[in-house]
Amino acid sequence: ALLAARSMNIPLWKVLPGLITQWDKMYMVAQFGAATDALRAATIDGDLEEHGVQFIGQCQGLIGDVPLVDELVQRIMREAHEVASSNASLLEIAEKD
């Protein structure tokens, strides 16, 4: 936690009360602080091979394909048109009632 505070220019007197009264939260801050250099290496320096680390969450498992930009835009436009058409038909039904 102290290293994280130092890297963010937070004075020690602001960190110490937290260490004493909210140990569990400060422990999480300390873990994040320990990873700060590795995160910076990956996100700012682009170093994913030697020193960098990136957070990769559950969304990574949801990626089923990596389309070309044109394919992605066409898919988004097609899906938007389908939703708009579906919503329009719902409005037509509601207006008839």
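Predicted model only: the values in this text are computed from it and were never measured.

Observations regarding the overall build of the chain
And step 1. Scanning the chain for helices and strands turns up 5 helices and 0 strands.
And step 2. Secondary structure of the chain in N-to-C order comes out as α-α-α-α-α.
And step 3. Sequence separation of 24 or more characterises 12% of the internal contacts of the chain that already satisfy a separation of 6 or more.

So, the environment of P67
And step 1. Examined against the element boundaries, P67 turns out to sit in the loop between α4 (59-62) and α5 (69-96).
And step 2. Accessibility expressed as a relative area gives 23% for P67, which makes it partly exposed.
And step 3. The contacts of P67, once residues within four sequence positions are left out, are L72 and R75.

Comments concerning the pattern of salt bridges
And step 1. Enumeration according to the criterion identifies 1 salt bridge in this entry.
And step 2. With its nearest N and O atoms 2.7 Å apart, the salt bridge here joins D65 to R75. Placement of the pair is D65 in the loop between α4 and α5 and R75 in helix α5, with a sequence separation of 10 residues.

Description of the confidence of the model for the chain
And step 1. Looking at the chain, pLDDT values average 80 and 88% of them are 70 or higher.
And step 2. The least confident element of the chain is helix α1 (residues 2-7), whose mean pLDDT is 70; the most confident is α5, at 88.

Some points on a nonpolar patch on the surface
And step 1. Judged by side-chain polarity, V69, V73 and M77 come together as a nonpolar surface patch covering roughly 310 Å² of accessible area.
And step 2. Mapped onto the elements of the fold, V69 is located in helix α5.

Some words on the environment of V29
And step 1. Along the chain, the position of V29 falls in helix α3 (residues 23-43).
And step 2. Each C-alpha atom, one on V29 and one on A5, is 8.9 Å from the other, the two residues being 24 residues apart in sequence.

Rules behind the numbers
- Residues numbered from 1 in each chain as written.
- Predicted model: local features only at pLDDT ≥ 70, side-chain atom pairs only at ≥ 80, totals over all residues.
- Heavy atoms only, no water.
- Helix = DSSP H or I, 4+ residues; strand = E, 2+ residues; numbered from the N terminus.
- Contact = heavy atoms within 4.5 Å.
- Buried < 20%, exposed > 50% of the residue type's maximum accessible area, 1.4 Å probe, protein only.
- Salt bridge = Lys/Arg side-chain N within 4 Å of Asp/Glu carboxyl O.
- pLDDT = per-residue confidence, 0-100.
- Patch = residues over 30% accessible without salt bridge, like charges linked within 9 Å, V, L, I, M, F, W, Y side chains within 5 Å.
- Areas by Shrake-Rupley, 256 points an atom, 1.4 Å probe, with all protein chains shown as cover.

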